[in-house]
Amino acid sequence: MSDSQPQQPSPSPRKGRGEAGDHGPQRPTDNANPSAAESTTLLLAGARLTDGRTVDVRLGGGRIQAVGTAGSLPSPLLSRVDLSGYLLLPAPAEPHAHGDTALTADGGGPVSYTTDEVQRRATESALLQLGHGATAVRSHVRIGDVHGLGPMEAVLQARRSLRGLTDLTTVAVPRLLTGVAGAEGLSMLRDAVKMGASIIGGCPDLDPDPTGFLEAVLELAAEHGCPVDLHTDGDDPGRLARLAAMAGGLRPGVTIGPCGGLSRLPLDVAHRAADQLAAAGVRVTCLPQGDCAALERRGLRTAPVRLLRSAGVRVAAGSGALRDAGNPVGRGDPLEAAYLLASQGGLRAAEAYASVSGEARKVMGLPEVRVEAGFPAELLAVRGDRIAGVLSLAYSRIVIHRGRVVARTSAVREYCDSAVAVALDLPRQGRTEPGN
């Protein structure tokens, strides 16, 4: 079997929206108006839905215009995509990427942080994730130290170059924010927000004063109306309690992750921490595929998703490291994250997929997507007929962003011309003609 690389259509100039939290207005960015591409009308024919229906879906203006039984939406002038044999789903979103460090595991030397190199990595990794189905990506970008704001500038350039293909937003991630050493980090964080970073992040666990770090982040976020997305292992219940107490009043909201340390706490302590996070409205992004390089590796356990969900915490799943120091074989595939939650995390297949689609979009402050008229045309078609089967063998995919096909990945499997292949009517390799 061979997988083709996802197609990369030419970007068209467009405007879109940055992320916002669940409870606040979306921050305007340079992507706000619909593009000419969104005025194109597209018919998705013969798609299967999760409820078993086979339907036609008409897209236009970047939204779903109509959903009807197969053959009920005749439109000879429409562009048409045959989705026979495909399951049509709301597209995944990637809530935890690291575009500045992605694809660096095989470098064989010091990692380059020139603007061109970081932009290339951020662009290539976003396109890889788009090929997997993620039409929106939240990328955590380190700032400070010797590289200053260069990586942020590069990822913002990648964001602009990807308009019309995928929505890329950035989280500014300083290392230190307290004490004498943190003064420069705080100044740089302010500059990153002015440059266009739409979320404020960081790693309180790595600062000598984690509470002071959190205070600085929340104050700046409140000043600018930004969401907050922090790295934490979550293994310190006292620190989690303080975070919940401090973050409860912030709108548009606070997300933390990957929180693998919660799984190492005594069960009653973990339950209490989950209740505190739920009461404060703090969201959690877990990383089923492994840690990311932003935190010191303390174990590869995933956050206790079922425990958090039972407490009322909104939980999304991200991919984390994509072939960098955090995971040299990371795939950046949201369907793999969902597969791991279903196979190892105890979630039903539909719940697992929702963690990388609907729940991820909510955590990222993006509009809800359903395969119904009026909803955004952010869709993923995967060859298969049920979500469980799709999570098991999700090879062929068609990705739709703002109403147009932006990526395709096709897979072909065939077997040698044997008696068993013939008996089971399996796809067979072509036979060599006599004399050839």
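Look above for the structure.
We now turn to the structure provided with this report. Just so it is clear, the structure is predicted and the values come from calculations on it, not from any experiment.

### A closer look at the environment of glutamate 359
Considering the arrangement of structural elements, one finds glutamate 359 in helix H10 (residues 358-363). On a C-alpha basis, the gap between glutamate 359 and alanine 317 in space is 8.1 Å, while along the polypeptide they are 42 residues apart. Other than its neighbours up to four places away in sequence, glutamate 359 contacts Arg314, Val315, Ala316 and Ala354.

### Comments concerning the packing of aromatic side chains
Each aromatic ring pair is specified by the distance between its two centres and by the angle formed by the two planes. If you walk through the whole model with that rule in mind, you get zero aromatic pairs. Between the NZ or CZ atom of arginine 121 and the centre of the ring of tyrosine 113, over which it lies, the distance is 5.2 Å.

### Observations concerning the sheet that holds strand S10 (residues 199-202)
The sheet built from eight strands is open, its strands ordered S7-S8-S9-S10-S11-S12-S13-S14 with parallel pairing. With one partner strand each, in any of the chains shown, strand S7 (94-97) and strand S14 (315-317) form the two edges of the open sheet. For this sheet, the mean angle separating the axes of adjacent strands, direction not counted, is 25°. When strand S8 (residues 136-142) meets strand S9 (residues 167-173), the two strands line up parallel, connected through seven bridges.

### Describing the packing of helix H1 (residues 115-132) against helix H2 (residues 150-161)
Here H1 crosses H2 at 45°, and the two axes come no closer than 8 Å. By the angle between their axes, H1 is oblique relative to H2. Seen along the crossing, H1 lies across H2 with a hand that is right-handed. Within the contact between the two elements, H1 uses Thr115, Val118, Gln119, Ala122 and Thr123 and H2 uses Gly150, Pro151, Ala154, Val155, Gln157, Ala158 and Ser161. Taken together, the residues that form the contact of H1 with H2 break down as six nonpolar, six polar and no charged.

### Considerations on the environment of arginine 348
Within the secondary structure layout, arginine 348 lies in the loop between helix H8 (334-343) and helix H9 (349-356). A polar contact is formed between the side chain of arginine 348 and the side chain of glutamate 351, at a distance of 2.9 Å.

### Digging into empty space enclosed by the protein
Within this structure, the stated rule accounts for eight cavities of 30 Å³ or more. The space that makes up the largest cavity amounts to roughly 80 Å³. Taken together, Pro204, Asp205, Pro210, Thr211, Leu214, Thr232, Arg239, Leu240, Arg242 and Leu243 form the lining of the largest cavity. Put simply, the parts of the chain that give the lining of the largest cavity at least two residues each are helix H4 (210-224) and helix H5 (237-247).

### Focus: the pairing of strand S11 (residues 228-232)
Extensive coverage of S11 is indicated by the burial of five of its five residues. Judged by which residues are buried, S11 turns out to be covered on both faces: Val228, Leu230 and Thr232 on one side and Asp229 and His231 on the other are all buried. As paired strands, S10 and S11 are joined by three bridges and run parallel to one another. Across the sheet, isoleucine 200 pairs through a bridge with valine 228, a residue of S11. Each parallel crossover has a hand, and for S10 linked through H4 to S11 it is right-handed. Bridge count for S11 against strand S12 (residues 254-258) is five bridges, and the pairing is parallel.

### Quick notes on the nonpolar core
In terms of nonpolar packing, the biggest core is built from 80 residues, with Ile256 and Leu308 touching the most fellow members. In terms of residue count, H4 provides more of this core than any other element does, seven residues in total. Among all residues touching leucine 308, those that are not within four sequence positions of it are Leu262, Ala274, Leu277, Val284, Ala303, Val313 and Val315. With 19 residues, the next largest nonpolar core counts Ile64, Val369, Ile398 and Ile400 among its residues.

### Remarks on the state of the cysteines
Any covalent bond linking the sulfur atoms of two cysteines counts as a disulfide. By the definition in use, this model includes zero disulfides. Cysteine 259 supplies the cysteine sulfur nearest to cysteine 286, a cysteine that is in no disulfide, at a spacing of 9.2 Å.

### With respect to H2
For an α-helix, the turn length of 3.6 residues means that residues three or four places apart are oriented alike. Compared with the 16 Å implied by 1.5 Å per residue over twelve residues, the 17 Å span of H2 between its first and last C-alpha is a close match. Along H2, the positions that sit buried rather than exposed are Gly150, Pro151, Met152, Ala154, Val155, Leu156, Ala158 and Arg159. Packed against the buried residues of H2 are H1, S8, S9 and helix H3 (179-195).

### Some details on the pattern of salt bridges
Per the stated rule, a full pass over the model turns up 17 salt bridges. Between glutamate 124 and arginine 120 there is a salt bridge whose closest N-O contact spans 3.0 Å. Residue glutamate 124 and its partner arginine 120 are located together in helix H1, separated by four residues, close to a single helical turn. Overall, glutamate 124 belongs to the partly exposed group, its relative accessible area being 34%. Across the salt bridge formed by aspartate 167 and arginine 402, the nearest N and O atoms sit 2.8 Å from each other. Taken as a pair, aspartate 167 in strand S9 and arginine 402 in the loop between strand S16 (397-401) and strand S17 (404-409) lie far apart in primary sequence, 235 residues in all. What emerges from the salt-bridge pattern is a single network uniting Glu117, Arg120 and Glu124.

### Digging into H4
End to end, H4 covers 21 Å across 15 residues, agreeing with the expected 21 Å (1.5 Å per residue, within 8%). Among all positions of H4, only Pro210, Gly212, Phe213, Leu214, Ala216, Val217, Leu218, Leu220 and Ala221 are buried. Residues of H4 that are buried make contact with H3, S10, S11, H5 and S12. One or two positions beyond H4, positive phi appears at glycine 225, with a value near 70°.

### Let's talk about unusual backbone geometry
Keep in mind that most residues, glycine aside, have a negative phi and that most peptide bonds are trans. A cis geometry characterises the amide bond from arginine 251 onward to proline 252, with omega recorded as 20°. Of note, the bond from glycine 257 into proline 258 is cis; its omega dihedral lies within 30 degrees of zero at 0°. Along the chain, the position of proline 258 falls in strand S12. The phi dihedral of leucine 103 is positive, around 65°, even though this residue is not glycine. One can find leucine 103 in the loop between S7 and H1.

Rules used throughout
- Residues numbered from 1 in each chain as written.
- Predicted model: local features only at pLDDT ≥ 70, side-chain atom pairs only at ≥ 80, totals over all residues.
- Heavy atoms only, no water.
- Helix = DSSP H or I, 4+ residues; strand = E, 2+ residues; numbered from the N terminus.
- Contact = heavy atoms within 4.5 Å.
- Phe/Tyr/Trp six-rings, centres within 6.5 Å; stacked < 30°, edge-to-face > 60°.
- Lys NZ or Arg CZ within 6 Å of the ring centre and 35° of its normal.
- Pairing = 2+ DSSP bridges.
- Axes fitted to C-alpha atoms, helices over the stretch in contact; angles between N-to-C directions.
- Parallel < 35°, antiparallel > 145°, perpendicular 65-115°, else oblique.
- Left-handed = near helix turned anticlockwise from the far one by under 90°.
- Nonpolar A, V, L, I, M, F, W, Y, C, P; charged D, E, K, R; others polar.
- Polar contact = N/O pair within 3.5 Å; in protein donor to acceptor, adjacent residues only side chain to side chain.
- 1 Å grid on protein atoms, 1.4 Å probe; cavity = no way out; pocket = protein on both sides within 12 Å on 5 of 7 lines; lining within 4 Å.
- Points joined across faces, edges and corners; volume = space filled by probe spheres on them.
- Buried < 20%, exposed > 50% of the residue type's maximum accessible area, 1.4 Å probe, protein only.
- Right-handed = clockwise from strand over helix to strand, strands pointing away.
- Core = buried A, V, L, I, M, F, W, Y, C linked by side-chain atoms within 4.5 Å.
- Disulfide = S-S within 2.5 Å.
- Expected span 1.5 Å × (residues − 1).
- Salt bridge = Lys/Arg side-chain N within 4 Å of Asp/Glu carboxyl O.

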